[in-house]
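Secondary and tertiary structure notes
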Amino acid sequence: MNPSPILSIVTPTRGDFSDEWCHELLKVRGEVEFLFVYHPYTSIREITDTRVRSLVSPYKGEMMQRHVGLLNARGTYLVALDDDDYIHPDIAQLVQEYFQRFPDSWILRLSKCNIDHQDRENIERPWEQLPDVNRLEILKKTPENPYPFQRGKFQGLLENPIAPIDTKFDFLHACFVKARNDHKGYHFENFNNIVWKTELVQKALPHLSEATKLWGHLTWIPVTGADRLTALFVQAKFYQKDRIIGHCLPKPEQIRYIYKEASLKPPRFHVFTDFLLLKQFPRYGYMWNLFLSKLYLVPRTFAKLLKWQLWQTDKQV
């Protein structure tokens, strides 16, 4: 096993991923490691590829499993991947070439194709050859032209700004009379399917752990919602106003994101992890706008959760 791989692919899992998915994942070439993070009391799948490391989280839940995986990543760069999503077999070489060209970048945002979980034809089609990242033109964001491109049309590297978390707080969000719009633009709020510098993420994780301490010895670790929490936490921790933190890659896709209809998945209370962001970074209006604009969804999410549980019970009868 390479002691210092280029890329760590971190996957929280319950161990019920398909053999076909695992086979395709292990086609990734180059100096990579695969971290499968299981929750306690789960049977660990036997995989003979020596690049695979199987870890067990001390607690059940996406947030803790992801935290364990990210802390243990040994690659210079890392990407978090769900155990039903696919990544291009040549991604490691592309990542290495990109960061050699842009050593000050924090992230590389991969082009993602959303595919329904039943669309096997698109899921299984051959990958197209990746572009030469050293030959790609860069389209810059300027004050005169702040949103100069539409993804999918410009075949080059598109500048990706940091989230504008110093946005002013808008009281109208607290009254639920105004829709939030500070999340719009070419920044991002998600952590998954984006390549990050491992060193940057691992420096932020201990501080993220501190955010889960509420009062005295009381610690609260949400089960879900780690995706937005982690991405915004890292950006807030090392915030530099208007900084370009990386680039977006053009098509062809490097990620195949497999989705299901919302009715087929249990609802999630993202407001809980949004609260942790607000608790840790109360000086940023962006966090207030995010939390308050989602707070009104809590009763609706509870109703969906009840409906989901009743549906699951009916399936078992």
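Report on the accompanying structure. (Residues numbered from 1 in each chain as written. Predicted model: local features only at pLDDT ≥ 70, side-chain atom pairs only at ≥ 80, totals over all residues. Heavy atoms only, no water.)

**Topic: the environment of aspartate 166**
- Relative to the assigned elements, aspartate 166 resides in the loop between β9 (157-161) and α5 (171-174).
- For aspartate 166, a relative accessible area of 31% corresponds to the partly exposed category.
- Taking the C-alpha atoms as reference points, aspartate 166 and glycine 285, 119 residues apart in sequence, are found 5.8 Å from one another.
- If we skip the residues at most four places from it in the chain, aspartate 166 touches Tyr239, Lys241 and Tyr284. (Helix = DSSP H or I, 4+ residues; strand = E, 2+ residues; numbered from the N terminus. Buried < 20%, exposed > 50% of the residue type's maximum accessible area, 1.4 Å probe, protein only. Contact = heavy atoms within 4.5 Å.)

**Quick notes on the sheet that holds strand β1 (residues 7-13)**
- Read across the open sheet, the nine strands follow the order β3-β2-β1-β4-β10-β6-β11-β9-β8; overall the sheet is mixed. The outermost strands of the open sheet, each flanked by one partner alone, are β3 (52-56) and β8 (138-139).
- Where β8 and β9 come together, two bridges link them in parallel fashion. What sits directly across from isoleucine 138, in β9, is leucine 157.
- Contacts between helix α2 (residues 62-72) and the sheet are confined to β1, β2 (32-38), β3 and β4 (77-80), with β2 contributing the most and set at about 150 degrees to the helix.
- Lying on the sheet, helix α3 (residues 91-101) is in contact with β1, β2, β4, β6 (107-109), β8, β9, β10 (194-197) and β11 (244-248); it crosses β6 at an angle near 125 degrees. (Pairing = 2+ DSSP bridges. Axes fitted to C-alpha atoms, helices over the stretch in contact; angles between N-to-C directions.)

**Focus: the packing of aromatic side chains**
- Throughout the structure, instances matching the rule amount to 12 aromatic pairs.
- Note on phenylalanine 275 and phenylalanine 291: the rings are 6.2 Å apart at their centroids and 55 degrees apart in plane angle, and the pair reads as tilted. Of the two residues, phenylalanine 275 is situated in helix α8 (residues 270-280) and phenylalanine 291 in helix α9 (residues 285-295); the sequence distance between them amounts to 16 residues.
- What makes phenylalanine 275 partly exposed here is its relative accessible area of 27%.
- Of the residues examined, phenylalanine 291 reaches a relative accessible area of 14% and is grouped as buried. (Phe/Tyr/Trp six-rings, centres within 6.5 Å; stacked < 30°, edge-to-face > 60°.)

**Some remarks on unusual backbone geometry**
- In this structure, the amide linkage connecting lysine 251 to the following residue, proline 252, adopts the cis form with an omega of 10 degrees.
- Structurally, the position occupied by proline 252 is in the loop between β11 and β12 (255-259).
- The residue asparagine 193 is not glycine, and still its phi comes out positive at about 65 degrees.
- The residue asparagine 193 is located in the loop between α5 and β10 in this model.
- The backbone phi angle of aspartate 242 is positive, close to 65 degrees, even though this residue is not glycine.
- Within the fold, aspartate 242 resides in the loop between α7 (226-237) and β11.
- A residue is classified by how much of its surface remains accessible, and aspartate 242, at 58% relative accessible area, is exposed.

**Section: the sheet that holds strand β5 (residues 86-87)**
- Strand order in the open sheet formed by three strands is β5-β12-β7, with mixed pairing between adjacent strands. Every interior strand has two partners, whereas the edge strands, β5 and β7 (112-116), have only one.
- Looking at chain direction, β5 and β12 are connected through two bridges and run antiparallel. Note on β12: the bridge partner recorded for tyrosine 86 is arginine 256.

**A look at empty space enclosed by the protein**
- Tallied over the full model, the rule gives one cavity of 30 Å³ or more.
- Looking at the largest cavity, its volume works out to about 40 Å³.
- Along the walls of the largest cavity sit Met63, Arg66, His67, Leu70, Leu205, Leu208, Ala226, Leu229 and Thr230, which together make up its complete lining.
- Sorting the residues of the lining of the largest cavity by element identifies α2, α6 (198-211) and α7 as the ones contributing at least two each.
- The element contributing the most residues to the lining of the largest cavity is α2, with four residues. (1 Å grid on protein atoms, 1.4 Å probe; cavity = no way out; pocket = protein on both sides within 12 Å on 5 of 7 lines; lining within 4 Å. Points joined across faces, edges and corners; volume = space filled by probe spheres on them.)

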